[in-house]
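Below are the chains, spelled out letter by letter.
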Amino acid sequence: MRQRVWLKVMKASVGTIGLAGLIAFGGSATVSALSSASTPTVSGSVPAVGYHLAAADGGVFNFGASGFYGSTYSDGLTGLTGSHPLNAPIVGIAEMATGKGYWMVAADGGVFNFGKAAFYGSTYTLGLTGLTGNHPLGSPVVGIAPTPDGKGYWLVTKAGHVYGFGDASFHGDAYSDGLTGLAGSHPLNAPIVGIQSTPDGKGYWLVAADGGVFNFGNAGFYGNTYSDGLTGLTGSHPLNAPIVGIQSTPDGKGYWMVGADGGVFNFGNAGFYGSTYSLGLSGLSGSHPLVSAVVGIVPTANGQGYWLATKAGFIYAFGSADFLGDSSSLGLTGLGGPTPLAAPIVGIAE
């Protein structure tokens, strides 16, 4: 069947951000129009459509029906600098299935919970001491994935270590496959960059920067970029840019991966609805390059579309994914200009 591609560009509907959210702007953006905005009512346990962007400094930006439940600034921290900075940059965000809260994770394994998202532990809980100290992590944390009931989560590191908290059971990691992290006798070809749970929480996928996919528990293997004839980050047919994220279809019988250049790779029953190349952009270089690298992908609830987010906070919507706003909707000017983000965007959650 011929594939159809849509770009949904609509008037942004931005939920209330509040004082802590405004602090995340670094105090430079003029956002007075938000003062009268209201978050749409969410009935029952199924969230209305919206998404959150998380920045490296712990700032959170909410769009559509997604509520603002706090940021690391709400906890009295001062981003990446200042009097009470984060120990390490935020690297990911995950949302509760109900849409009533979210978690953020930092590179040192620190976990921050907001709204109804409960705290179930961090790598510090395990006696580790972040990226330094007496018992440091072997490599930085790069992602977080919640269990379906929101009563736990997994963290994954660049070396492929998986840590489970709450009701998140351990189903294996790169070391279970006989690999030895980023060094040693059997190292990964490339660092791990993300983790995604199966719909029932009885398994998960890890994805590496070279497009390699590792499946554990009841997570099926549906292919990787090597299946498409590509040769990772080097070789005769390399990726145009490293893979930066993975997301599964609603039934877990497929998944999407996205590259930093906005390229989208679909496997199993995951449909292809477009990429930044479909919009006439030329990746990270060329005649019409992206302003900044893509950092994540999140699918719509029906799996018939997805959003891509960039470091500058721009959103690209495809298929059934409606454009609900991005950093430019808030008067921000990406990573430069008169009203820049205080820190780059690192993740998107829906």
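Residues numbered from 1 in each chain as written. Predicted model: local features only at pLDDT ≥ 70, side-chain atom pairs only at ≥ 80, totals over all residues. Heavy atoms only, no water.

Visitor: What's the story with the nonpolar core in this structure? I'm lost.
Guide: Soluble, globular proteins show a tendency: their nonpolar side chains are buried together. Residues Tyr 51, Leu 53, Phe 61, Trp 307, Ile 315 and Ile 348 are the most contacted members of the largest nonpolar core, which totals 19 residues. Of all the secondary structure elements, the ones that give two or more residues to this core are strand S1 (50-55), strand S2 (60-64), strand S15 (294-299), strand S16 (305-310), strand S17 (315-319) and strand S18 (345-349). Of all the elements, S1 adds the most residues to this core, at three residues. Not counting residues up to four positions away in its chain, the partners in contact with Leu 53 are Gly 59, Val 60, Phe 61, Phe 63, Ala 309, Gly 313, Ile 315, Ile 345, Gly 347 and Ile 348. (Core = buried A, V, L, I, M, F, W, Y, C linked by side-chain atoms within 4.5 Å. Buried < 20%, exposed > 50% of the residue type's maximum accessible area, 1.4 Å probe, protein only. Helix = DSSP H or I, 4+ residues; strand = E, 2+ residues; numbered from the N terminus. Contact = heavy atoms within 4.5 Å.)

Visitor: Before we go on, may I ask you to explain the pairing of S16 in this structure?
Guide: Here is the key point about a regular strand: its side chains alternate between the two faces of the sheet. Extensive coverage of S16 is indicated by the burial of six of its six residues. Here S16 shows a buried face lined by Gly 305, Trp 307 and Ala 309 and a second buried face lined by Tyr 306, Leu 308 and Thr 310. Of the pairings in the sheet, the one linking S15 to S16 comprises five bridges and is antiparallel in character. When the bridges of S16 are listed, Val 298 appears paired with Trp 307. Counting the residues that bridge the hairpin from S15 to S16 gives five residues, and of these Gly 303 lies at a positive phi of roughly 70°. Linking S16 to S17, which pair antiparallel, is a turn of four residues; within it Gly 313 sits at a positive phi near 90°. (Pairing = 2+ DSSP bridges.)

Visitor: Before we go on, may I ask you to explain the pairing of strand S9 (residues 192-197) in this structure?
Guide: For S9, the tally of buried residues reaches five of six residues, placing the bulk of the element in the interior. Where S9 folds back on strand S10 (residues 203-208), the antiparallel hairpin that results is connected by five residues, among which Gly 201 adopts a positive phi of roughly 75°.

These figures capture arrangement, not role.
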